[in-house]
Amino acid sequence: MSDHLEMNDTSTTPVIFFINKLSGGQKGQQVYRMLVRLLNPRQVFLLESDTTIIQALNIYSSLNNTRICICGGDGTVSWILSHLVDAFPPLKNPPASICPLGTGNDLSRVLGWGYRYELRQLLRTLTQITRAHPVPLDRWKIQIETLETNASSKQYVNKHRRLFSSMFHPKFIRDANKPLYENFRTPIRRFFFNYISFGLDAAVVLDFHVRRTREPSKFTSPFKNKILYINEARKYFKEFAFGMAWDLREYIRLICDGQDLTDSMRHCHSFVVLNTPSFGSGTRPWGRISTKRISSQSTNQRYEDSFDQTSTHSFQTHDSPVNGQDGNQTTALDIVTHPVVDHFKTQDFGDRKIEVIGLSTIQMALIHLGFRGNRIAQCSQVRIELNHPMPVHMDGEPFCLAESFAINITHAGQVMVLRNEKR
């Protein structure tokens, strides 16, 4: 970018870079040094606080054709995108691309910017930003309120406590109030663009994040981070081993578009509210293909699509809960190997709808092999009532709600991002 760029110049495409120096095993510093050598230092910003973002946007917001590149993980991307939504009129923000420096990099995967940082990829990204295609991305807001225990809620909780009274209680419920989590009681942000998850998956991520915060010198690369993540998951061996003895219905009440779908979480140990197709380092828990109408496809085509439609549930599936229709009944070891026909639509991160998916302990592993989870709902509003402390994972940032809370999830505008179709 020239030092003397005209504000009305439409022949150039200025790019502003935001870099989180702690992302990717602290690879951000390396990226910063590289970009300062290659580019005008005035267009490269190390992220230190909200003030850094606001000042940079104020300086360059008047330039035509400005684009942004966010160098960081999912949490960093969500942080910058929220500022773009707030600072510009709807869908008028400089569209943002991503240089993936995090561990999961799910939004980067969806938008075609890759799943990990490499020097060659950084140089390639610089040439692709100006040619990428702008698309709208939904933003979702979470509102946390104290859950009042009225007569009906007490009756609901007591009903499920009787059902589970002699069963296994997971470690993340027993340990939620320990001092270990004292600094992780509230979310850093109140918006998300990718996902928010609850339960066993979030518990593992929270423990990993607590350890990374206390011992940052051990987390020096994305690969090493994944090894340490697996090591943290070993703490929850009993939760995985005794998966048939517990599920989230005792601790969570789920309401989607006003309909109580708590029973759809039978045998679910994690559940995810998902805006984009990618979750947990590239898995596709909603499935890549949605079979909308059985009459519109030939038998051969339906079976070609069966891999992405395979249900890995060890319980009764509810592919059509919104219409009050139950899915197929399966036993603990059954795997449905034929295409599941349901009323749900293909995921679209700009359709103002959000997907709700349940995962058993088995599915938490099998989604990494290409299988999908249990589709619960596709809706525009979600209410989650927690009657126990609960770990939560939102766009790469985990935290622990230590009391009984209700979380309301609603649509909160859109932001323009860049989809790279040249990879």
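Residues numbered from 1 in each chain as written. Predicted model: local features only at pLDDT ≥ 70, side-chain atom pairs only at ≥ 80, totals over all residues. Heavy atoms only, no water.

As named in an unreviewed UniProt entry, the protein is Diacylglycerol kinase, taken from Rotaria sordida. Within the UniProt record for the protein, the comment given under Sequence similarities (unreviewed entry) is "Belongs to the eukaryotic diacylglycerol kinase family." (UniProt positions renumbered as here; feature names shortened; annotations may be inferred.)

Right, let's talk about the sheet that holds strand β11 (residues 354-359) for a bit. Spatial strand order, β12-β11-β10-β7-β14-β15: 6 strands in an open sheet with antiparallel pairing. Every other strand in the sheet has two partners, leaving β12 (374-379) and β15 (397-401) as the edge strands with one partner each. Averaged over all pairs of adjacent strands, the angle between their axes in this sheet comes to 20 degrees, without regard to strand direction. Where strand β7 (residues 195-199) meets strand β14 (residues 390-394), 3 bridges bridge the pair, whose relative direction is antiparallel. Considered in β14, the bridge of F198 is made with V392. (Pairing = 2+ DSSP bridges. Helix = DSSP H or I, 4+ residues; strand = E, 2+ residues; numbered from the N terminus. Axes fitted to C-alpha atoms, helices over the stretch in contact; angles between N-to-C directions.)

What follows deals with the pairing of strand β1 (residues 15-19). Residues in a regular strand point their side chains to alternate faces of the sheet. Most of β1 sits inside the fold, with 5 of its 5 residues counted as buried. Residues of β1 alternate between two faces, with V15, F17 and I19 on one and I16 and F18 on the opposite face, all of them buried. Across 5 bridges, the pairing between β1 and strand β3 (residues 67-72) is parallel. Its bridge partner lying in β3, I16 is registered against I68. Pairing analysis gives 3 bridges linking β1 to strand β2 (residues 44-46), with the strands arranged parallel. Opposite F18, over in β2, you have F45 as the bridge partner. (Buried < 20%, exposed > 50% of the residue type's maximum accessible area, 1.4 Å probe, protein only.)

Once that is clear, we can look at the packing of aromatic side chains. Scanning the entire structure with this criterion turns up 5 aromatic pairs. Taking 6.2 Å as the distance between ring centres and 75 degrees as the angle between the ring planes, the aromatic pair formed by F45 and Y60 counts as edge-to-face. Here the residue F45 occupies a position in strand β2, and Y60 occupies one in helix α3 (residues 50-60), the gap between them amounting to 15 residues. A relative accessible area of 15% means that F45 is categorised as buried. Relative to F344, the ring of W286 lies with its centre 5.1 Å away and its plane at 65 degrees, an arrangement referred to as edge-to-face. (Phe/Tyr/Trp six-rings, centres within 6.5 Å; stacked < 30°, edge-to-face > 60°.)

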